[in-house]
Amino acid sequence: MTRQVSPRAWGLFLLLGLFVSPATAFSQIRMDERVVFFPTAARQSDDGQHWIATIHGWIHEPKEDNPLHDGAVRSLVQQIGGNPDLEEARILAERCRQFLADNERGKDIRIRIAGKEHSLPPSDEGGHFSGEIRMASSDVARFATGNRLVPQALTGRGDRRVFAGSVVLIPREGISVISDIDDTIKISEVRDHHKLMQNTFLREFQAVPGMSEAYRRWSAAGAEFHFVSSSPWQLYEALDEFAREAGFPPATYHLKRFRLKDSSFLKLFADPLTTKPPLIESLLAAYPQRRFVLVGDSGEHDPEVYGLIARRFPAQVAKVYIRDVTDEPATSERYRQAFAHVPTDVWQIFTDPSVLELP
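Conventions and cut-offs
- Residues numbered from 1 in each chain as written.
- Predicted model: local features only at pLDDT ≥ 70, side-chain atom pairs only at ≥ 80, totals over all residues.
- Heavy atoms only, no water.
- Buried < 20%, exposed > 50% of the residue type's maximum accessible area, 1.4 Å probe, protein only.
- Helix = DSSP H or I, 4+ residues; strand = E, 2+ residues; numbered from the N terminus.
- Arc of directions from axis to C-beta.
- Phe/Tyr/Trp six-rings, centres within 6.5 Å; stacked < 30°, edge-to-face > 60°.
- Lys NZ or Arg CZ within 6 Å of the ring centre and 35° of its normal.
- Axes fitted to C-alpha atoms, helices over the stretch in contact; angles between N-to-C directions.
- Parallel < 35°, antiparallel > 145°, perpendicular 65-115°, else oblique.
- Contact = heavy atoms within 4.5 Å.
- Nonpolar A, V, L, I, M, F, W, Y, C, P; charged D, E, K, R; others polar.
- Pairing = 2+ DSSP bridges.

A. Inspection of helix α7 (residues 236-246) at higher detail. Listing the buried residues of α7 in full gives Tyr236, Leu239, Asp240, Phe242 and Ala243. End-on, the buried residues of α7 take up no more than an arc of 160°, which puts them together on one face. For α7, the exposed residues lying more than 90 degrees away from the buried face are Arg244 and Glu245.

B. Representation of the packing of aromatic side chains. In this structure the tally under the stated criterion is 17 aromatic pairs. Seen from their ring centres, Phe205 and Phe242 are 6.0 Å apart, and the 90° between their planes marks the pair as edge-to-face. With a gap of 37 residues between them, Phe205 in the loop between α5 (193-201) and α6 (211-220) and Phe242 in helix α7 connect regions that are remote in the sequence. Residue Phe205 is classed as buried on the basis of its relative accessible area, which comes to 11%. Positioned above the aromatic ring of Phe205 is the side chain of Arg95, whose terminal nitrogen or guanidinium carbon lies 3.9 Å from the ring centre. We note Lys186 situated over the ring of Phe205; from NZ or CZ to the ring centre the distance is 4.4 Å.

C. Up close: the packing of helix α2 (residues 71-80) against α5. At their nearest, the axes of α2 and α5 sit 9 Å apart, and the two run at 130° to each other. With respect to their mutual orientation, α2 and α5 come out oblique. Only His193, His194, Met197, Gln198 and Phe201 of α5 make contact with α2, whose side of the interface consists of Leu76, Gln79 and Ile80. Its residues placed into classes, the contact of α2 with α5 shows 4 nonpolar, 4 polar and no charged.

D. Spatial organisation of the sheet that holds strand β12 (residues 224-232). Reading across from one edge, β13-β12-β11-β14-β15-β16 is the order of the 6 strands in this open sheet, with parallel pairing throughout. A strand with exactly one partner marks an edge of an open sheet, and here the two such strands are β13 (252-256) and β16 (347-350). Adjacent strand axes in the sheet meet at a mean angle of 20° when their direction is disregarded. With 4 bridges joining them, strand β11 (residues 175-179) and β12 adopt parallel strand pairing. Among the inter-strand pairings, Val177 is bridged to a residue of β12, identified as Phe225. Lying on the sheet, α7 is in contact with β12 and β13; it crosses β13 at an angle near 140°.

E. Spatial organisation of the sheet that holds strand β5 (residues 110-113). The antiparallel open sheet is built from 3 strands, whose spatial order is β6-β5-β9. The open sheet has two edge strands, β6 (116-119) and β9 (152-153), and neither has a second partner. Note that β5 and β6 share 4 bridges and pair antiparallel. Looking across to β6, one finds that Arg110 is bridged to Ser119.

Following this line, the structure appears as structure tokens:
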């Protein structure tokens, strides 16, 4: 038997349809899940009519119980040595919590940016989602605050939480600074594994003296900043909080993908020669008309990585600065090999950040 639907019911169905139409679809974010947007950049299209923004984030279910009870964390404590005091235990629990979170795979994330809604590809096995968004320049001009846009996840009905990020609008020409983090702006002591793990998991992060002042001078002169590091994405929020409190300018972040289930804490900072070059090269390729300053330190492989980049992109790499933490003179065999065929006026070793200048 076919039932007749009253005009009043049809009106209700039509009203409900307004709320479930594709234009107002929601993300697949449960109330026990959390979304983190990483700071990214946008570039202009060749015709200047659009901006193309990269959106990158992470959806996960935070670990609610005490992460110090986890076997992987107990193993980490044994590697570091000794029993942490109360303050160290607090820091350790907070830093490890992100590594033990449940990554949410296959989640459809919808965002609103520059007044429009967009769908992103589903999150991967690590809970990361990313995609490029094309926005009309007229919309960007209406919604940008300064040179920044705010992407925001569309949460479900009744979910009043706000998950928002930052996208910096970087013009075709200008100066960009690609900076390492560990032992370049933050004291990590990477060459001593024991101290590295302590500085990463047991202690509040400490800034390298003078670096934030130097970067603020460069920012005032119009430079944009990109932090490219072998640190894992799970440390992003702690690193971002540190950078803001230490007075560093806002920056995009380009870190390393890492899953504890696939590896161990021992391999957190391994192999920058593999992880860094592709990240840096993607930035230079995205902004072929910009000039770049590369800043790192001598603790691991920044000289070798930056020398490689300078040879591949001689027209874009304007300067390389290496903070000396190994007491090696600029005339050493290491630097001779690292910067082979790179003009000597392009690279410089420094200990005092006050000497750093934009080219």
